[in-house]
Amino acid sequence: MNLSFYFNLTRSQKSKILLGFDTFWLIVSFFGAQSLILGEWPWHGDMANSLTYLAIVLPTALCFIVFFGVHRVKLNAYGMQGMVETAALAIVVGACALASSHLPYVRNVLTPLPVPVFVVFSMLFLILSVTGRLLLREIVLHIYRSVQNRKRVLIYGAGQTGQQLAAALLTDNEFEAIGFVDDNPVLQNLTIGGLRVDSPKNLRKLVEQLDVNRIVLAMPSASQHVRMRIAQDLRGLGCEVHAVPSFAEMVLRGDNAAQSVAPIAAASLLGRDGLEADLPVVNGTYQARRVLVTGAGGSIGSELCRQLLACNPSILVLLDHSELALYNMLRELTDLAPNLPIEPVLGSICQYDMMLDVIKRYQIDVIFHAAAYKHVPLVEDNSIEGLRNNVFGTRNVAEAARVLEVDRFILVSSDKAVRPTSIMGASKRLAELVVQDLATRSTKTCYSMVRFGNVLGSSGSVIPLFEDQIRRGGPVTVTHSDVTRYFMTVSEAVRLVLLAGSFARGGDVFVLDMGKPVIIRDLARKMIESAGYTVQDKNNPDGDIGIEITGLRPGEKMHEELLIGTEQPNTPHPKILRAQETGLSELEVANALQDLRRAIDARDADMARAVIRRWVEIGTRDESKNLINQ
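Since this is a predicted model, take the numbers as computed values, not measurements. (Residues numbered from 1 in each chain as written. Predicted model: local features only at pLDDT ≥ 70, side-chain atom pairs only at ≥ 80, totals over all residues. Heavy atoms only, no water.)

Participant: For the overall build of the chain, give the residues involved together with the corresponding values.
Facilitator: When its secondary structure is counted, the chain shows 22 helices and 22 strands. Within the chain, the fraction of its 630 residues that count as buried is 50%. Across the chain, the fraction of contacts at a sequence separation of at least 24, relative to all contacts at a separation of at least 6, is 75%. Counting every atom, the chain has about 29600 Å² of accessible surface; 53% of that belongs to carbon and sulfur. (Helix = DSSP H or I, 4+ residues; strand = E, 2+ residues; numbered from the N terminus. Buried < 20%, exposed > 50% of the residue type's maximum accessible area, 1.4 Å probe, protein only. Contact = heavy atoms within 4.5 Å. Areas by Shrake-Rupley, 256 points an atom, 1.4 Å probe, with all protein chains shown as cover.)

So this is what it looks like as structure tokens:
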């Protein structure tokens, strides 16, 4: 059957077709009412009398149909509201037909029809019009669905959000709601919106019998822990598992809420509750201040810029060496805050004169230094440039801040700086030592540092890598069965930076209490199962996606640390810790930088490693691949 006719109809053509159907129902209803009340069809009696009545009633009824706009209602959206409108139309049409029978011409020329004829006429038109539209809607939807392979969706949660989702999917061409499951025994075995509510105990059977493609958790009020537990219970069913916020939340939060309709992954993989709600909103530290963010196009820098908008700075200066990243960030921030002066600066932190010029030109009050090379294996392979950028770039920005008496300087560091086994970690530790030295000599600028664990979803992190590997069908690669990492969300990391900048007294190192470290192999398993797949291993050789152990990469540690010292003096917030650590003297820092500069200028990686071994406390764990010692 050629279906192109149905798909090529214009809106005007569809309205005319519905108007034609209504005309037909009016005629059938009028003659049907007479036959039911008078006991005979009009053509067996006074046909001329009936046709004259119809000639008066039909144009009047069509005028009211056009006035009410019933013929313009989309078929796939025809529901209770449409039925109410059709009922109102039927009453008005019946009343007008009855009124027309009392016109002088009609009373003098035609044989009067009994009042019940007009009442039945109105009722029949209502029944035929509503039934016809519903039947036509099902036919049209069947035609559309016949050429589309709709995914079958089982909704976990038969509450308000689940019911709203099911109603929305009724007219969707890509997804089809086929039932509910709910933990509430009161709802089980009921039918809601034409869909049966089953117990979660029957999930496996339902997935097989109903050929389910996707399970959607419509439980926005449940805690992240509860939703993660349910997602774990759904493992092995062979379905994608997604979560959806409440419709009210999507209205209130807009695109941000809508974006959360995604496979369960990031925040639920922390192994703890998120800390965004526990961390206080940043006070007025940055209000009406002139703020510079280096590395503004990166994962941390970009989120820093977004959250700084809420702090109402007087100007926000973005610095990045990537033209594309800077352009994208500028466009986004300009849309978010059209009235805030935002200045893009394309350049490298390795240019000291440029940094002096930028800080002086924009009269900067606060600097967030997030620019760095941070990918461990890449920096290992490019150790000279990694050290140049991360150490001397940091020194340039921090020294320019001291010379021009910037109020605050906050360095974004890494947990890999603690007893490092990689060039990247060592470069960040040397950067910390440089900042600590300047903090002891500065009378105007307040310096502080913030150490992160791994930031979920940031460029180069393990989460996007695992997501891509799962999307490709695996295997998911893990460096070691026992390797662990601390994790935090981008939002947590940036809130920590902003708060630490307001807490700083000078030379402080801040870390976030992130709970226990996460075993990466467990994280990989959770991500595979959250995506609706099974893990292929010796206990389940027929699983969907395997986990492959590849061995520690150059410079990687088995377990990361957050603190060099043991003391953790209190800060104004219990989740933010201040590390008590000793640094190098001014002379020692000068000697270290001089030796490192000599190695960089000579492009001698072995000499650079020797400098690191001399001035940085490096890791000595046997299970780590410590390239600094090689």
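There's plenty left to go through after this.
Participant: So, the packing of aromatic side chains: which residues are in play, and what are the values?
Facilitator: Ring pairs (aromatic) are described by centroid distance and by the angle formed between their planes. Taken as a whole and assessed by the stated rule, the structure comprises three aromatic pairs. Between Phe 409 and Tyr 447 the ring centres are 5.4 Å apart and the planes differ by 50°, which places this aromatic pair in the tilted class. One end of the pair, Phe 409, is in strand 12 (residues 408-414); the other, Tyr 447, is in strand 13 (residues 446-452), and 38 residues separate them in sequence. Both residues of the pair, Phe 409 and Tyr 447, count as buried. One Lys or Arg, Arg 597, reaches over the ring of Phe 392 and ends 4.0 Å from the middle of that ring. (Phe/Tyr/Trp six-rings, centres within 6.5 Å; stacked < 30°, edge-to-face > 60°. Lys NZ or Arg CZ within 6 Å of the ring centre and 35° of its normal.)

Participant: Please give an account of unusual backbone geometry that cites residues and values.
Facilitator: In this structure, Ala 288 is a non-glycine residue whose phi angle is positive, near 60°. For Ala 288, the location among the structural elements is in the loop between strand 7 (262-263) and strand 8 (290-294). For Ala 288, a relative accessible area of 52% corresponds to the exposed category. Look at Arg 419: it is not a glycine, yet its phi comes out positive at around 45°. Within the secondary structure, Arg 419 is located in the loop between strand 12 and helix 17 (423-441).

Participant: So what's going on with empty space enclosed by the protein? Residues and values would help.
Facilitator: For the structure on display, the rule yields two cavities of 30 Å³ or more. Its boundaries defined by the atoms lining it, the second largest cavity holds a volume of some 30 Å³. In terms of lining residues, the second largest cavity is bounded by Leu 430, Leu 433, Val 434, Leu 584, Val 589, Ala 592 and Leu 593. Listed by contribution, the elements that provide at least two residues to the lining of the second largest cavity are helix 17 and helix 21 (586-601). Here the lining of the second largest cavity is composed, by residue class, of seven nonpolar, no polar and no charged. (1 Å grid on protein atoms, 1.4 Å probe; cavity = no way out; pocket = protein on both sides within 12 Å on 5 of 7 lines; lining within 4 Å. Points joined across faces, edges and corners; volume = space filled by probe spheres on them. Nonpolar A, V, L, I, M, F, W, Y, C, P; charged D, E, K, R; others polar.)

Participant: Let's hear about the sheet that holds strand 13: which residues, and what values?
Facilitator: The strand order across the open sheet built from eight strands is 10-9-8-11-12-13-18-22, with neighbouring strands paired in mixed fashion. A strand with exactly one partner marks an edge of an open sheet, and here the two such strands are strand 10 (342-346) and strand 22 (576-579). Pairwise comparison of adjacent strand axes, ignoring direction, gives a mean angle of 20° for this sheet. Here strand 18 (residues 508-512) pairs with strand 22 via four bridges, running antiparallel. Each bridged residue has a counterpart across the sheet, and for Leu 512 the counterpart in strand 22 is Ile 576. (Pairing = 2+ DSSP bridges. Axes fitted to C-alpha atoms, helices over the stretch in contact; angles between N-to-C directions.)

Participant: If you had to explain the nonpolar core to someone new, which residues and values would you point to?
Facilitator: Grouped together as the largest cluster of nonpolar side chains are 53 residues, with contacts concentrated most on Leu 292, Ile 367, Leu 387, Phe 409 and Leu 596. A per-element tally of this core places helix 17 first, with ten residues. Ranked by size, the runner-up nonpolar core spans 41 residues in total, among them Ile 300, Leu 309, Leu 333 and Leu 512. (Core = buried A, V, L, I, M, F, W, Y, C linked by side-chain atoms within 4.5 Å.)

Participant: How would you sum up the packing of helix 14 (residues 352-361) against helix 16 (residues 383-403)? Please name residues and give values.
Facilitator: Orientation of helix 14 relative to helix 16, taken along the N-to-C sense of each, is 45°, at an axis distance of 9 Å. Between helix 14 and helix 16, the angle falls in the class oblique. Crossing hand, helix 14 versus helix 16: right-handed. Between helix 14, through Tyr 352, Met 355, Leu 356 and Ile 359, and helix 16, the contact on the second element is made entirely by Asn 396, Val 397, Glu 399, Ala 400, Ala 401 and Val 403. Among the residues making up the contact of helix 14 with helix 16, the classes are represented as eight nonpolar, one polar and one charged. (Parallel < 35°, antiparallel > 145°, perpendicular 65-115°, else oblique. Left-handed = near helix turned anticlockwise from the far one by under 90°.)

Participant: Just give me the short version of the pattern of salt bridges, but keep the residues and values in it.
Facilitator: Applying the stated rule across the entire model yields 23 salt bridges. Arg 152 is the partner of Glu 176 in a salt bridge, and the nearest nitrogen-oxygen pair spans 3.7 Å. Residue Glu 176 is found in strand 2 (residues 175-181), and its partner Arg 152 is found in strand 1 (residues 151-156); the two are separated by 24 residues along the sequence. Judged by relative accessible area, which is 26%, Glu 176 ranks as partly exposed. Residue classification places Arg 152 among the partly exposed positions, given a relative accessible area of 23%. When the shortest N-O distance is used, the salt bridge between Glu 332 and Arg 306 registers 2.5 Å. (Salt bridge = Lys/Arg side-chain N within 4 Å of Asp/Glu carboxyl O.)

Participant: Outline a nonpolar patch on the surface, supporting the account with residue identities and numerical values.
Facilitator: A contiguous nonpolar surface patch, about 280 Å² in accessible area, is contributed by Leu 36, Ile 37 and Leu 38. Inspection of the secondary structure puts Leu 38 in helix 2 (residues 11-38). Judged by relative accessible area, Leu 38 falls into the partly exposed class, the value being 43%. (Patch = residues over 30% accessible without salt bridge, like charges linked within 9 Å, V, L, I, M, F, W, Y side chains within 5 Å.)

Participant: Any details on the packing of helix 17 against helix 22 (residues 605-615)? Residues and values, ideally.
Facilitator: Relative to each other, helix 17 and helix 22 sit at 55°, their axes nearing to 11 Å. Accordingly, the angle class assigned to the pair helix 17 and helix 22 is oblique. Note that helix 17 runs across helix 22; the crossing there is left-handed. Residues Ile 423, Ala 426, Leu 430 and Leu 433 of helix 17 form the contact with helix 22, whose own contacting residues are Arg 609, Ile 612 and Trp 615. Class assignment of the residues belonging to the contact of helix 17 with helix 22 gives a composition of six nonpolar, no polar and one charged.

Participant: So, helix 22: which residues are in play, and what are the values?
Facilitator: All of the buried residues along helix 22 are Ala 608, Arg 609, Val 611, Ile 612 and Trp 615. Seen along its axis, helix 22 keeps its buried residues to an arc of 155°; they face one direction. Set apart from the buried face of helix 22 by more than 90 degrees, the exposed residues are Asp 606 and Arg 614. Here the buried face of helix 22 lies against helix 15 (376-381), helix 16, helix 17 and helix 21. Between the side-chain oxygen of the N-cap and the backbone nitrogen of Asp 606 there are 3.1 Å, and the N-cap of helix 22 in question is Asp 604. (Arc of directions from axis to C-beta. Polar contact = N/O pair within 3.5 Å; in protein donor to acceptor, adjacent residues only side chain to side chain.)

Participant: Account for the sheet that holds strand 21 (residues 545-549), with residues named and values stated.
Facilitator: Pairing is parallel in the open sheet, where three strands are placed in the order 15-21-20. Because the sheet does not close on itself, it has two edges, and the strands there are strand 15 (476-478) and strand 20 (535-536). In terms of strand pairing, strand 20 meets strand 21 through two bridges, oriented parallel. Paired with Val 535 across the strands is Ile 545, a residue of strand 21. The sheet contacts of helix 18 (residues 462-471) involve strand 15 and strand 21, and relative to strand 15 the element is tilted by about 145°. Across the sheet, helix 20 (residues 520-530) lies against strand 15, strand 20 and strand 21, angled at about 165° from strand 21, the strand it touches most.

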